[in-house]
Amino acid sequence: MARRRQLYEGKAKILFEGPEPGTLVQYFKDDATAFNAQKKGTITGKGVLNNRISEYLMTRLAEIGVPTHFIRRLNMREQLIREVEIIPLEVVVRNVAAGSLATRLGIPEGQRLPRSIIEYYYKNDQLGDPMVAEEHITCFGWAATQDLDDIVALTLRVNDFLTGLFLGVGITLVDFKLEFGRLWENDEMRIVLADEISPDNCRLWDAKTGEKMDKDRFRRDLGKVEEGYQEVARRLGILPEA
Ligand code: C5P
């Protein structure tokens, strides 16, 4: 098969030109980074697991009417996606205090929040993805007010749905990060969910024991990183074909 033209290489994924106009191929690497790439490593098999987990979650979300960039999985490490104009925001949802929220505000990790919080970070590696407010987003034109309304509505639906889905398999969805893009079709623009949803960008704790099954195992050197990702896939019933 002809080699595909590489368009972009990120920390955990590579984007290639897709087979048809308006499509891309998203390739999942085993590379892992943390703390704005100050910590680097490899998690064997992570790309394969994230490809499957993200396929599963995006498919379930599409079934409840959340528009996504996902078209179909192509093989163990690649999926076909729609080409979108990425909005330069990391949209973080928190249900339980952990990570930077716990550190920044001195809230004990594991404390359930009285209501879910949405935070925005400006996607810029050089600046270390600084946290921003709605005012910054609209002032600098990263997203229009209407776009942001759509993003918030979609984010809340994703949070409600995924919280229930994970709880059903004994996992607490502590927090996660979403990215969105603009999809143009017949001169009409829609905001759609993009990137991936996987243990790389979610905190997932065993609902009974609190054991971490996500990238914090890598960030905090807890060991058994791949096993954590595998356990998430196993509980979702989607371990890759042996
Ligand atoms: O580090 P922090 O507590 O702010 O992360 C909140 C959530 O967003 C975590 O689930 C983390 O995995 C995710 N995140 C991410 N990419 C970033 C920053 C955070 O996926 N650049």
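In what follows, the structure referred to is the one given above.
Bear in mind that the values here come from a model prediction, so they are computed numbers and not experimental data. (Residues numbered from 1 in each chain as written. Predicted model: local features only at pLDDT ≥ 70, side-chain atom pairs only at ≥ 80, totals over all residues. Heavy atoms only, no water.)

## So, the site of the ligand
Within the structure, the ligand sits among 16 residues, and Glu90, Arg94, Ser100, Asp175 and Arg203 are positioned closest to it. Taking Asp175, its side chain carries an N or O atom lying 2.6 Å from an oxygen atom of the ligand. At 2.9 Å from an oxygen atom of the ligand is found a side-chain nitrogen or oxygen belonging to Arg203. In isolation the ligand offers 450 Å² of accessible surface; the protein chains occlude 79% of this area. Among the elements of the structure, strand E9 (89-96), helix H2 (99-105), strand E12 (171-185) and strand E14 (202-206) are those that each provide at least two residues to the shell around the ligand. Residues belonging to the shell around the ligand are distributed by class as follows: five nonpolar, three polar and eight charged. (Near = heavy atom within 4 Å. Polar contact = N/O pair within 3.5 Å; in protein donor to acceptor, adjacent residues only side chain to side chain. Areas by Shrake-Rupley, 256 points an atom, 1.4 Å probe, with all protein chains shown as cover. Helix = DSSP H or I, 4+ residues; strand = E, 2+ residues; numbered from the N terminus. Nonpolar A, V, L, I, M, F, W, Y, C, P; charged D, E, K, R; others polar.)

## Details of the pattern of salt bridges
With the rule as written, the count across this model stands at 33 salt bridges. Across the pair Arg182 and Glu85 runs a salt bridge, and its minimum N-O distance is 3.0 Å. In this pair, Arg182 sits in strand E12 while Glu85 sits in strand E8 (residues 85-86), placing the two residues 97 residues apart along the sequence. A residue is classified by how much of its surface remains accessible, and Arg182, at 12% relative accessible area, is buried. Between Asp195 and Lys177 there is a salt bridge, and its shortest N-O distance comes to 3.5 Å. Of the two residues, Asp195 sits in the loop between strand E13 (188-194) and E14 while Lys177 sits in strand E12, which places them 18 residues apart along the sequence. (Salt bridge = Lys/Arg side-chain N within 4 Å of Asp/Glu carboxyl O. Buried < 20%, exposed > 50% of the residue type's maximum accessible area, 1.4 Å probe, protein only.)

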